[in-house]
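Chains, contacts and geometry: an overview
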Amino acid sequence: KYLNGHKDIVKCHYPGLESHPQHAVAMRQMVGPGNDSMYGGMLSFEVENESWAMAVAGAVRVIRRATSLGGTETLIEHRASIEPPERRTSPSGLLRMSVGLEDA
C-alpha cells in the first residue's frame, strides 16, 4: 500500500491491492490457514523512466540487486536492462522485487 500511494511510483503491481486487475481471483486462490490472505512477497512497481529505476535499484541498502528473484533474501531487479534491446517487453521504469526473510 505504501508504494501504491507513493508520489514517485507510476504504478504498483501486486495482487493484494484492490486496484490490481486480478485481485478478486487472488482473494479466492491465495488463501492460507484460517482463510488468511497470503498474496506472497513478489511485486513489481514502475517509476517514471529507466534512469530513475536504475537510481532506485542502486540506492537500496538492505535489498540486493539480482537477476534471479528466487533467493531467501530481499532482491530487486530492473528487468528491462537484462532483456536484449530487440526483444525488450518490460517497461523501462519497471522494478521487480522479491521480499525475503531477513531481519531488517
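Shown above is the structure to which this text applies.
Throughout this description, residue numbers start from 1 for each chain and increase along the sequence as written. Predicted model: local features are reported for residues with pLDDT of at least 70 only, side-chain atom pairs are reported and counted for 80 or more only, and whole-chain, interface and lining totals are derived from all residues. For the side-chain quantities, the full set of heavy atoms in the structure was used; hydrogens and water were omitted.

1. Some words on the pairing of strand β4 (residues 75-78)
For each residue, the accessible area found with a 1.4 Å probe, counting protein chains only, is set against the maximum for its type, and the residue is called buried under 20%, exposed over 50%, and partly exposed in between. Put simply, DSSP marks the helices as runs of H or I at least four residues long and the strands as runs of E at least two long, and each gets a number from the N terminus on. Here β4 shows a buried face lined by Leu75 and Glu77 and a second buried face lined by Ile76 and His78. For two strands to be treated as a pair, DSSP must find at least two bridges joining them. Looking at chain direction, strand β3 (residues 64-65) and β4 are connected through two bridges and run parallel. Each bridged residue has a counterpart across the sheet, and for arginine 65 the counterpart in β4 is isoleucine 76. Pairing analysis gives four bridges linking β4 to strand β5 (residues 94-98), with the strands arranged antiparallel. Within the sheet, the bridge partner assigned to leucine 75 lies in β5 and is serine 98.

2. Regarding the pattern of salt bridges
We define a salt bridge as a contact between a side-chain nitrogen of Lys or Arg and a carboxyl oxygen of Asp or Glu at a distance within 4 Å. Counted according to the given criterion, the structure contains five salt bridges. Ionic pairing is found between lysine 7 and aspartate 8, a salt bridge with its closest N-O pair at 3.3 Å. On the basis of relative accessibility, which here comes to 30%, the residue aspartate 8 falls in the partly exposed class. Close ionic contact of arginine 96 with glutamate 77 constitutes a salt bridge, the shortest N to O distance being 2.7 Å. Here the residue arginine 96 occupies a position in strand β5, and glutamate 77 occupies one in strand β4, the gap between them amounting to 19 residues. Using a relative accessible area of 3% as the deciding quantity, one classes glutamate 77 as buried. Three or more residues are tied together by salt bridges with common partners; here these are Glu77, Arg79, Glu83 and Arg96.

3. Some points on the side chain of glutamate 46
Tracing the backbone shows glutamate 46 in strand β2 (residues 42-46). Despite its burial, glutamate 46 remains without a salt bridge, the nearest opposite charge being carried by lysine 11 at 5.4 Å. Side chain to side chain, glutamate 46 and histidine 13 meet in a polar contact 2.7 Å long. Excluding residues that lie within four positions of it along the chain, glutamate 46 makes contacts with Asp8, Ile9, Val10, Lys11, His13, Pro91, Gly93 and Leu94. Positive: Lys, Arg. Negative: Asp, Glu. His and the chain ends are not part of the count. Between N or O atoms, a polar contact is any pair within 3.5 Å; within protein, one atom must be a potential hydrogen donor and the other a potential acceptor, and residues adjacent in sequence are included only when both atoms are from side chains. Whether two residues touch is decided by their heavy atoms; if any such pair falls within 4.5 Å, the residues are in contact.

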